[in-house]
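Single-letter residue listing:
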Amino acid sequence: MDAKGGHVSVVQARAKHGMSATVGDPVGQKPERGMAPRVPVVVSDRVWWLVSLLIVPATWLLLVGLNVVSRQFLPSPAQVFAAAAEMMVSGELLRHAGLSFVRIIVGFVVGAVIGTLLGIANGRYRPLAAVIEPLIDVLRHISPVAWIPLAILWFGLGETSKIFIIALGSFVPSFINASDGIRGVDKRLICAAQSLGANRVTLFRRVLLPATTPNIFTGLVTGMGNATRFVIAAELTGAFAGLGFMAMRARETSRTDIIFVAIIAMALVGLINNGAIMFAQRRLLRWHVGFPKTSA
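## Observations concerning the overall build of the protein chain
- When helices and strands are tallied, the protein chain shows 11 helices and zero strands.
- Each helix (α) and strand (β) of the protein chain, taken in turn from the N terminus, gives the series α-α-α-α-α-α-α-α-α-α-α.
- Sequence-distant contacts in the protein chain: of pairs separated by 6 or more residues, those separated by 24 or more amount to 67%.
- For the protein chain, the exposed area adds up to about 19,100 Å²; of that, 68% sits on carbon and sulfur atoms.

## With respect to the environment of Ser100
- The topology assignment puts Ser100 in helix 4 (residues 92-124).
- Given the relative accessible area of 0%, Ser100 is considered buried.
- Between the alpha carbons of Ser100 and Gly242 there is a distance of 5.1 Å; along the sequence they are 142 residues apart.
- Setting aside its immediate chain neighbours within four residues, Ser100 contacts Val231, Glu235, Gly242, Leu243 and Met266.

## A word on helix 5 (residues 126-139)
- Here helix 5 contains 14 residues, and its C-alpha end-to-end distance of 20 Å stays within 8% of the 20 Å for a straight helix at 1.5 Å per residue.
- Helix geometry: helix 5 is bent most strongly at Ile132, by close to 35°, with proline Pro134 lying one to four residues after it.
- Restricting attention to buried positions, one finds in helix 5 the residues Ala129, Ile132, Ile136 and Leu139.
- Buried residues along helix 5 sit in contact with helix 4 and helix 7 (159-183).

## A look at a positive patch on the surface
- On the surface, Arg124, Arg126, Lys187 and Arg200 cluster together into a positively charged patch.
- Among the structural elements, Arg126 can be located in helix 5.

## Overview of the nonpolar core
- Membership of the largest hydrophobic core comes to 40 residues, with the highest contact counts inside it found for Leu93, Ile104, Phe108, Leu220, Leu243, Met246 and Val261.
- Listing elements by their share of this core, those giving two or more residues are helix 2 (45-65), helix 3 (77-90), helix 4, helix 7, helix 8 (187-195), helix 9 (200-237), helix 10 (243-252) and helix 11 (256-284).
- Counting residues per element, this core draws most heavily on helix 9, at nine residues.
- For Val261, the contacting residues outside a window of four places in its chain are Val80, Ala83, Ala84, Met87, Leu93 and Met246.
- Trp147, Ala151, Phe175 and Ala233 belong to the second largest nonpolar core, which has 14 residues in total.

## Observations regarding the packing of aromatic side chains
- Under the criterion given, the structure shown has six aromatic pairs.
- Aromatic side chains Trp154 and Phe155 sit 6.3 Å apart centroid to centroid with 90° between the ring planes, which places their arrangement in the edge-to-face category.
- Phe155 gets classed as partly exposed once you look at its relative accessible area, which sits at 36%.
- Ring pairs connect the aromatic residues Trp147, Trp154, Phe155 and Phe164, which therefore count as one cluster.

## Overview of the side chain of Lys162
- Inspection of the secondary structure puts Lys162 in helix 7.
- No salt bridge forms around the buried Lys162; measuring N to O, its nearest opposite-charge neighbour Glu159 is 4.9 Å away.
- For Lys162, the side chain forms a polar contact with the main-chain oxygen of Gly158, separated by 3.0 Å.

## A word on the packing of helix 6 (residues 148-155) against helix 7
- For the pair helix 6 and helix 7, the least separation of the axes is 8 Å and the interaxial angle reads 145°. The handedness of the crossing between helix 6 and helix 7 comes out as right-handed. In this structure, helix 6 uses Ile148, Ala151, Ile152, Trp154 and Phe155 to contact helix 7, whose residues at the interface are Thr160, Ser161, Phe164 and Ile165.
- A class-by-class count of the residues in the contact of helix 6 with helix 7 yields seven nonpolar, two polar and no charged.

## Some points on unusual backbone geometry
- Even without being a glycine, Ser254 presents a positive backbone phi close to 60°.
- Tracing the sequence through the fold places Ser254 in the loop between helix 10 and helix 11.

## Looking at the environment of Ile176
- Among the secondary structure elements, Ile176 is positioned in helix 7.
- On a C-alpha basis, the gap between Ile176 and Ile216 in space is 9.1 Å, while along the polypeptide they are 40 residues apart.

## A word on the packing of helix 4 against helix 7
- Viewed as axis vectors pointing N to C, helix 4 and helix 7 meet at an angle of 35°, and their least axial separation amounts to 6 Å. The hand of the helix 4/helix 7 crossing is right-handed.

## Things to note about the confidence of the model for the protein chain
- For the protein chain, mean pLDDT is 80; residues scoring 70 or higher make up 81% of the total.
- Looking at the elements of the protein chain, mean pLDDT is at its lowest for helix 1 (residues 10-16), recorded as 48, and at its highest for helix 4, recorded as 92.
- Note that pLDDT drops below 50 for residues 20-28; the model gives that stretch seven contacts with residues more than four away or on any other chain.

## Quick word on the pattern of salt bridges
- Counted according to the given criterion, the structure contains seven salt bridges.
- When the shortest N-O distance is used, the salt bridge between Arg249 and Glu92 registers 2.1 Å. With Arg249 in helix 10 and Glu92 in helix 4, this residue pair connects regions lying 157 residues apart in the sequence.
- By relative accessible area, which is 34% here, Arg249 ends up partly exposed.
- On the basis of relative accessibility, which here comes to 21%, the residue Glu92 falls in the partly exposed class.

Definitions and cut-offs
- Numbering of residues starts from 1 in each chain and follows the order in which that chain's sequence is written.
- Selection of residues for local features in this predicted model requires a pLDDT of at least 70, selection of side-chain atom pairs for listing and counting requires 80 or more, and totals for whole chains, interfaces and linings are taken over all residues.
- With hydrogens and water set aside, each side-chain value is computed from the structure's full complement of heavy atoms.
- For the purposes of this entry, the term helix denotes a DSSP run of H or I that reaches at least four residues, the term strand denotes a run of E that reaches at least two, and both are numbered from the N terminus.
- Here, two residues are considered to be in contact whenever any of their heavy atoms come within 4.5 Å of each other.
- Values of accessible area rely on a 1.4 Å probe in the Shrake-Rupley scheme; residue burial ignores everything except the protein chains shown.
- Three labels apply to residues, based on accessible area from a 1.4 Å probe with only protein chains included: buried if under 20% of the type maximum, exposed if over 50%, partly exposed otherwise in between.
- One less than the number of residues in a helix, times 1.5 Å, gives the span that helix is expected to have.
- Here the bend at a residue is taken as the angle between two axes, fitted respectively to the seven residues that end there and the seven that start there.
- Candidate patch residues must exceed 30% relative accessible area and have no salt bridge, after which like charges are joined if within 9 Å and Val, Leu, Ile, Met, Phe, Trp or Tyr side chains if within 5 Å.
- Salt bridges, as used here, are contacts in which a Lys or Arg side-chain nitrogen is within 4 Å of a carboxyl oxygen on Asp or Glu.
- Asp and Glu count as negative and Lys and Arg as positive, but His and the ends of the chain are not part of the count.
- To locate a charge, take atom NZ for lysine, CZ for arginine, CG for aspartate or CD for glutamate.
- By nonpolar core we mean a set of buried residues, namely Ala, Val, Leu, Ile, Met, Phe, Trp, Tyr and Cys, connected to one another through side-chain atoms within 4.5 Å.
- The aromatic pairing rule takes the rings of Phe, Tyr and Trp, using the six-membered ring of Trp, and pairs them if the centres are within 6.5 Å, calling planes under 30 degrees apart stacked, those over 60 edge-to-face and the rest tilted.
- In protein, a polar contact requires one atom able to donate a hydrogen and another able to accept it; more generally it is a pair of N or O atoms within 3.5 Å, and residues adjacent in sequence count only if both atoms are side-chain atoms.
- Note on geometry: axes are lines fitted to C-alpha atoms, helical ones only across the stretch in contact, with angles between N-to-C directions running from 0 to 180 degrees.
- By the definition used in this description, the sense in which the near helix is turned from the far one sets the handedness, with an anticlockwise turn below a right angle giving left-handed and a clockwise turn giving right-handed.
- Only Asp, Glu, Lys and Arg are considered charged, only Ala, Val, Leu, Ile, Met, Phe, Trp, Tyr, Cys and Pro nonpolar, and every remaining residue, Gly among them, polar.
- Every residue carries a pLDDT, the predictor's confidence in it, which falls somewhere between 0 and 100.

This is the structure:
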């Protein structure tokens, strides 16, 4: 109790005597000798990431080991691994995966470049937006898979029809994010640059483009995911090689192990492509709030 008759809190008492005010330390209790203070265990994100990856194979092994599902429909991991090893040795897996990878990259680049440039122009010029946006609003609700029959009629069964489908999947998210990004640039930054004498080229290069880059990368990540998914749809209907073709041919012979090989290979291709975009994003957006600082 202080001189005025009021109660002195534990924190005030500790501060008065030079002691640290640790929250949660019981008053009057000291840690026993020989015992280390309790430290909360913090599980890193990498551990949770590893756990999430192990859930699927663990469940897979459990279902196969307990014969819950017939191996005709769900092969064991050993069967899938053996099929993958056999196709790797023969070179068949690399041939199909490589062709699908090239189709994804070409279609993605075509769709993303056109979508980003048109999206920037759409967000910058109102008269152009009045013409383009109604068309995009209709196009965005049509799945690129629905264009496959027309793509085959227009371009045949060659590579052009597949690139067209993949490009459509990459075009829409690239357009929308670039358009929204450039419209969302702070008007004060534009006015400040113009007051300092920046012309249109300098304004775009030094203000508009850097401010829009985070949105552009969001569109690129989504567009790459669409490209990876739609290449399978394109190859399922009109291809003579590729992971989608490999899966369809395996279905005809009831080789579910090869179908799983195609699925896993496509997942790896998607992870590689997405990882490349994320790496470029971290390198180019080191200045942006929310991105970790990396060494040059």
